[in-house]
Amino acid sequence: MTNYTKTILINLHRIIYYVVKARIWMRHPERHSVEERYAVAQTMVDKMNKSSGYKTICFGEDKLPKEGGYILYPNHQGKYDVPGIFSVHKKPLSFVMDEAKAHIILVAEFLMLVDGKSIILDDLRQTLRVFQEMAKEIQTQDKKFILFPEGGYKENNQNIVEHFKPGSFKLAQMAKAPIVPVALVDSYKVYNSPHKGPVTTYVYYLDPIYYEDYKGMKTTEIAEMVENRIKDKIKEHLASA
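Residues numbered from 1 in each chain as written. Predicted model: local features only at pLDDT ≥ 70, side-chain atom pairs only at ≥ 80, totals over all residues. Heavy atoms only, no water.

(A) Focus on the sheet that holds strand β1 (residues 54–59). Pairing is mixed across the open sheet formed by seven strands, whose spatial order is β1-β7-β6-β2-β5-β3-β4. In the strand order of this sheet, the two ends are held by β1 and β4 (117–119), each with one partner. Across this sheet, the average inter-strand angle for adjacent strands is 25°, counted without regard to direction. Note that strand β3 (residues 94–98) and strand β5 (residues 144–146) share two bridges and pair parallel. When the sheet's bridge partners are listed, Phe95 is paired in β5 with Ile146. Contacts between helix α6 (residues 124–141) and the sheet are confined to β2 (70–74), β3, β4 and β5, with β4 contributing the most and set at about 155° to the helix. Docked against the sheet, helix α10 (residues 219–240) engages β2, β6 (179–185) and β7 (199–205), running at close to 35° with respect to β6. (Pairing = 2+ DSSP bridges. Helix = DSSP H or I, 4+ residues; strand = E, 2+ residues; numbered from the N terminus. Axes fitted to C-alpha atoms, helices over the stretch in contact; angles between N-to-C directions. Contact = heavy atoms within 4.5 Å.)

(B) Focus on α6. Here α6 contains 18 residues, and its C-alpha end-to-end distance of 25 Å stays within 8% of the 26 Å for a straight helix at 1.5 Å per residue. Taken as a whole, α6 has its buried residues at Gln126, Thr127, Val130, Phe131, Met134, Ala135, Glu137 and Ile138. Those residues of α6 hidden inside the fold are in contact with β2, β3, β4, β5 and α7 (170–175). Measuring from the side-chain oxygen of the N-cap residue of α6 to the backbone nitrogen of Arg125 gives 3.2 Å; that N-cap residue is Asp123. (Expected span 1.5 Å × (residues − 1). Buried < 20%, exposed > 50% of the residue type's maximum accessible area, 1.4 Å probe, protein only. Polar contact = N/O pair within 3.5 Å; in protein donor to acceptor, adjacent residues only side chain to side chain.)

(C) Examining the environment of Asp98 more closely. Inspection of the secondary structure assignment puts Asp98 in strand β3. When the C-alpha positions of Asp98 and Thr5 are compared, they lie 22 Å apart, and in sequence the two are 93 residues distant. Every residue in contact with Asp98, bar those within four places of it in the chain, is listed here: Ile119 and Leu121. In this structure the side chain of Asp98 is engaged in a polar contact, spanning 3.0 Å, whose partner is the backbone nitrogen of Ala100.

(D) Geometry of the packing of aromatic side chains. Tallied over the full model, the rule gives twelve aromatic pairs. Ring centres of Tyr4 and Tyr191 lie 5.4 Å apart, and the angle between their planes is 80°; on these two criteria the pair is classed as edge-to-face. Of this pair, Tyr4 sits in helix α1 (residues 3–10) while Tyr191 sits in helix α8 (residues 188–191), and the two are 187 residues apart along the sequence. Ring geometry for Tyr54 and Tyr80: centres 6.4 Å apart, planes at 70°, overall edge-to-face. In this pair, Tyr54 sits in strand β1 while Tyr80 sits in the loop between β2 and α4 (81–86), placing the two residues 26 residues apart along the sequence. Of the two residues, Tyr54 and Tyr80, neither departs from the other in class, the shared state being buried. Three or more aromatic residues link up through ring pairs in this structure, and these residues are Tyr4, Tyr54, Tyr80 and Tyr191. (Phe/Tyr/Trp six-rings, centres within 6.5 Å; stacked < 30°, edge-to-face > 60°.)

Written out as structure tokens, the structure reads:
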């Protein structure tokens, strides 16, 4: 039995509870603050992690911008990436995901709770409209988003970072927001590998790249810079493990 299946079976009662709760709450989202809804999302993650022996250790939290919105750009390893980051990110956070996967039960409710966004990967116009919405929310509401510049992930990827898509960094340019590279290590082991049993994953927040530092760069140059910083941190972690 895979970790993913085991986690679902162990937490079936919790899944039903939180699906129902989220749907009730989102009938009148104005009755529940962003902080309250994020706390529920974090509790969901925390309970599922504890039930199955998953733990995430975070480094570099002090590097996160203290004020305003920003965009986390992590490498993408699997289904646990967003829950792993949520478990160690204290301030309300949202994320962007593939529209094709955004309607799966529990995933849909999780997305609603944190005001997440979904994009159609091969529809550039729709993606641009979503990016415009996000940029406005980052600027006017100090929203914080996770956006995976790889676009997708490979099963059992062994901490290999794939090529970052330059288009992902259009959002940062539009919002003129800080870019926070995030290195995820061993996240793939939780739900996207043959590994069975407890797992410890790692989240490294790297030095932010502020708009003043990248405003004159092309998206291809930004993508290469962020990708290389994340690769270097993963290599450093693995070398010291």
